[in-house]
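This is what each chain is made of:
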Amino acid sequence: MVSTLDQIFVLLKHWIVSFLPAVLQPVTGVVISVVAIVCVFPALFAISVLLERKGLGRMQNRIGPNRVGPLGILQPVADGIKSLTKEDIVPTNADAVVHFMAPVFLVVVVFMGYAVLPMGRNMTLVKMDAALLFYFAMGASTELAVFMAGWSSRNKYSLLGAMRAVAQMISYEVPLLLSSVSVVMITGSLSLDKIVEAQNQYTWGLPHWYIFTPWGCAAFLMFAIAATAETNRSPFDLPEGESELVAGYFTEYSGFKFAEFFLGEYVGMLSISGLGTTLFLGGWSAPLEVLGFVPSWIWFFSKVMLSICVMIWMRGTLPRLRQDQLMNFAWKFVLPFTLLILVDVVVWRFMGEGWLRWIVCSAIMVIAYVAMGRVGMGKKIGPRSYRYAE
């Protein structure tokens, strides 16, 4: 019974495919999996938006959406219908083809990343030996879509927003990659399925998740910071700074095209949360051995939604950084610290079992954090001075 619940979607797909000729079964299986991904994650996008609006309202002593449906739960449906019916306005001087392709390209490459994410036991669409490499190749393509949107709009605010976004995404993509390399070094594989299997072990009922090691905890924090910046979430949402750039790189977008950017941002959040879950939180494995009877896909999606809740919490708590603070933090703290994590991984690997490596590796991380915080980010800010025009 437990095994059937765990594999219910896999068994359902095989049952549907069994009615077709053998020649069509592989292709049909892939199509069913793609349709499932395209349906499930936009549904989670709608839930995330509603959760964010209600959650932020609660944090700010507001009610949030409460007009459409019971307790406002149908607000995402109303927003979707509104986006479909709004007029699509394209600036006269815009490059119409590129202007149209930018949001489409963004959504497509974001969904491509889901092809290699293990969402449960035997629930990976495409099993690759270089799955992590494929994921980051697709993720890097979003920068091109963002620049296409800003450049094709022929608007200075859009172009400035696009340049900000590209600079930010490149700056934080480097530590995002390096923090993932630490997991590859320990596992010895770029396959996301093998990374999950390596963490799906227990000692005294406790999991062997990488986040529970000194290097893994530090790498996860750097990964989370870089992932937040990659998805343009607060406090790193400078490309969409409405007080400075109207709406950033999608200023000249309206209607369904704007909704595609909105969809791409949130589906990207879900995707990067799924990758973080896979690399550091054991993927679909249970947090305790005694909870192994719970279907693996429930654990995966629970961890992903927990990550989304943390991002929402951060948006309601932290103020937006300045552009210089954002770039200094990336190049003077996050990148050097991530490089040192790789050294810590080597020390952890070759010191062997025992408490000594826990003490040594933890000490390296703590000393590095304090030293880099004081040297790299220790710039003194003097008293504020006021100057008046004469």
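Quick summary incoming for the structure in this document.

Thresholds applied
- Residues numbered from 1 in each chain as written.
- Predicted model: local features only at pLDDT ≥ 70, side-chain atom pairs only at ≥ 80, totals over all residues.
- Heavy atoms only, no water.
- Helix = DSSP H or I, 4+ residues; strand = E, 2+ residues; numbered from the N terminus.
- Buried < 20%, exposed > 50% of the residue type's maximum accessible area, 1.4 Å probe, protein only.
- Contact = heavy atoms within 4.5 Å.
- Lys, Arg positive; Asp, Glu negative; His and termini not counted.
- Charge placed at Lys NZ, Arg CZ, Asp CG, Glu CD.
- Phe/Tyr/Trp six-rings, centres within 6.5 Å; stacked < 30°, edge-to-face > 60°.

Our focus in this paragraph is the overall build of the chain. The secondary structure content of the chain amounts to 14 helices and two strands. Here the C-alpha coordinates of the chain stretch approximately 75 × 60 × 40 Å along the principal axes. Counting every position in the chain, which comprises 390 residues, the buried fraction comes to 46%. In the chain, the share of contacts with a sequence separation of at least 24, taken over all contacts with a separation of at least 6, comes to 77%. Averaging the coordinates of the 28 positive side-chain charges in the chain and doing the same for the 24 negative ones gives two points 7 Å apart.

Moving on: the packing of aromatic side chains. The description of two aromatic rings rests on the distance between their centres and on the angle between their planes. Applying the stated criterion to the full structure yields 22 aromatic pairs. With centroids separated by 5.5 Å and ring planes inclined at 55°, the aromatic side chains of tyrosine 172 and phenylalanine 236 adopt a geometry described as tilted. In this pair, tyrosine 172 is assigned in helix 7 (residues 156-187) and phenylalanine 236 in the loop between helix 9 (214-230) and helix 10 (242-245), connecting sequence segments 64 residues apart. By the burial criterion, tyrosine 172 is buried, and phenylalanine 236 matches it. Consider the rings of tryptophan 209 and phenylalanine 212, whose centres lie 5.8 Å apart with planes at 5°: the pair is stacked. Overall, phenylalanine 212 belongs to the partly exposed group, its relative accessible area being 46%. Grouping aromatic residues by their ring pairs yields a cluster made of Phe41, Phe111, Tyr114, Phe300 and Phe301.

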